[in-house]
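# Understanding the architecture of this molecule
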Amino acid sequence: MIELIFATNNDNKVREIRQALPEGFSIVSLREAGIFKEIPEPHPSLEANATEKSMVIYELSGKNCFSEDSGLEAEALDGAPGVRSARFADEEPEYTSNTDKLLALLRDKGNRKARFKTVISLIIDGKETLFEGLCSGTIAPAPLGTNGFGYDPVFIPEGSNKTFGQMTLEEKQEFSHRKKAVKKLVVYLTGLAGSKQV
Ligand code: IMP
């Protein structure tokens with residue numbers, strides 16, 4: 001069994017990543033690991049924030065761990081909200097006001113293309129490896145569906161006519177940026193386990 005701390009307390013992310021992992025992998029959230037620490041996300045890139053989160057937890061726990069940082073990038077807004085996705089409308093993360101602000105900014109734009117990006121930072125024995133997952137799509141004119149979290153009700157992935165908010169978790173996983181990054185993580189960890197370095 002490969003055991004990792006997942007440096008988050010976001011239950012939605014834990015659920016998605018647990019569901020994406022095959023047998024033989026087990027993850028615990030910060031809360032489940034008894035770590036009660038707010039990790040800031042002060043950097044201008046998803047990569048730098050992911051690295052900081054996993055490094056802080058590795059140094060604190062001494063255990064192999066990973067973190068992820070995700071964001072939604074709208075083409076017509078030069079990649080915004082991007083790294084500011086969680087705090088787009090307000091310093092206090094609030095999903096509804098973030099989607100309202102996004103819809104207001106895109107109201108007069110013809111181009112509604114956007115993509116989700118996930119960066120995972122994995123630390124094994126102090127060594128970091130980064131993995132990326134992308135999901136391209138468009139922003140719906142208005143929120144649809146109540147499943148998922150964050151921008152899910154306004155994001156329609158390429159290849160579907162439903163928003164993530166209208167999909168079950170299983171349906172979302174077919175397209176998910178997070179799932180794509182996790183797949184790369186699993187391939188890497190499986191290789192390490194094969195060579196007995198985990
Ligand atoms: P993070 O916790 O800093 O990675 O914040 C990422 C923010 O991006 C979240 O608070 C959501 O608003 C948004 N986000 C990331 N992934 C998703 C997703 O899969 N669906 C909807 N929104 C997401």
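Please refer to the structure higher up on the page.
The structure contained in this document is the topic of the report that follows. (Residues numbered from 1 in each chain as written. Predicted model: local features only at pLDDT ≥ 70, side-chain atom pairs only at ≥ 80, totals over all residues. Heavy atoms only, no water.)

## Re the site of the ligand
The following threshold applies: Distances are taken per atom, and a residue is near a molecule or strand as soon as one of its heavy atoms is within 4 Å of it. Polar contact criterion, stated in full: a pair of N or O atoms within 3.5 Å, where within protein one must be able to donate a hydrogen and the other to accept it, and residues adjacent in sequence count only if both atoms are side-chain atoms. Surface accessibility in these figures is a Shrake-Rupley result with a 1.4 Å probe; residues are shielded only by whichever protein chains are displayed. Secondary structure elements follow DSSP: runs of H or I no shorter than four residues count as helices, runs of E no shorter than two count as strands, and numbering proceeds from the N terminus.
The immediate surroundings of the ligand are formed by 16 residues, with Lys 13, Asp 69, Asp 152, Lys 172 and Arg 178 found nearest. The contact in question runs from an oxygen atom of the ligand to an N or O atom on the side chain of Lys 13, over 2.7 Å. At 2.6 Å, a side-chain N or O of Asp 152 approaches a nitrogen atom of the ligand. About the coverage of the ligand: the protein hides 94% of its 480 Å² of free accessible area. Sorting the residues of the shell around the ligand by element identifies β3 (65-74) and α5 (177-194) as the ones contributing at least two each. Examining the composition of the shell around the ligand, we find that 3 residues originate from one element, β3, more than from any other.

## Focus on the nonpolar core
To keep it simple, the criterion reads: Buried Ala, Val, Leu, Ile, Met, Phe, Trp, Tyr and Cys residues that are joined via side-chain atoms within 4.5 Å together make up what is termed a nonpolar core. Between buried and exposed lies partly exposed: a residue is buried under 20% and exposed over 50% of the maximum accessible area for its type, with that area taken using a 1.4 Å probe on protein chains only.
Of all hydrophobic cores here, the largest spans 20 residues; its most connected members are Leu 4, Phe 66, Leu 122 and Leu 189. Mapped by element, the contributors of at least two residues to this core are β1 (2-6), α1 (11-20), β2 (25-29), β4 (113-124) and α5. Among the elements that take part in this core, α5 stands out by supplying 6 residues, more than any other. Of all hydrophobic cores here, the second largest spans 17 residues; its members include Phe 88, Leu 102, Leu 103 and Met 167.

## Looking at the pattern of salt bridges
Note the cut-off: For this document, the term salt bridge refers to a Lys or Arg side-chain nitrogen within 4 Å of an Asp or Glu carboxyl oxygen.
Under the counting rule described, the total for this entry stands at 14 salt bridges. Among the ionic pairs, Lys 172 bridges to Asp 152, the shortest N-O distance being 3.0 Å. Of the two residues, Lys 172 is situated in helix α4 (residues 169-173) and Asp 152 in the loop between β5 (127-139) and β6 (155-157); the sequence distance between them amounts to 20 residues. One exposure class covers both Lys 172 and Asp 152, and it is buried. Through salt bridges with shared partners, a single ionic network connects Lys 13, Glu 16, Glu 68, Asp 152, Lys 172 and Arg 178.

## Some points on the packing of aromatic side chains
Rule in force here: Pairs were defined over the aromatic rings of Phe, Tyr and Trp, the Trp ring being its six-membered one, requiring ring centres within 6.5 Å. Orientation was assigned from the angle between planes: stacked under 30 degrees, edge-to-face over 60, tilted for the rest. Put simply, a charge is over a ring when the Lys NZ or the Arg CZ is close to the ring centre, within 6 Å, and near the line of the ring normal, within 35 degrees.
Scanning the entire structure with this criterion turns up 5 aromatic pairs. Residues Phe 6 and Phe 66 carry aromatic rings whose centres are separated by 4.5 Å and whose planes lie at 10° to one another, so their mutual orientation is stacked. Taken together, the positions of Phe 6 in strand β1 and Phe 66 in strand β3 put the pair 60 residues apart, joining distant regions of the chain. As far as burial versus exposure is concerned, Phe 6 and Phe 66 are alike and both buried. Between Phe 155 and Phe 164, the aromatic rings sit 5.2 Å apart at their centres with planes inclined by 45°, giving tilted as the arrangement. Each member of the pair, Phe 155 as well as Phe 164, is classed as buried. A cation sits over an aromatic face here: Lys 101 above Phe 88, 4.4 Å from the ring centre.

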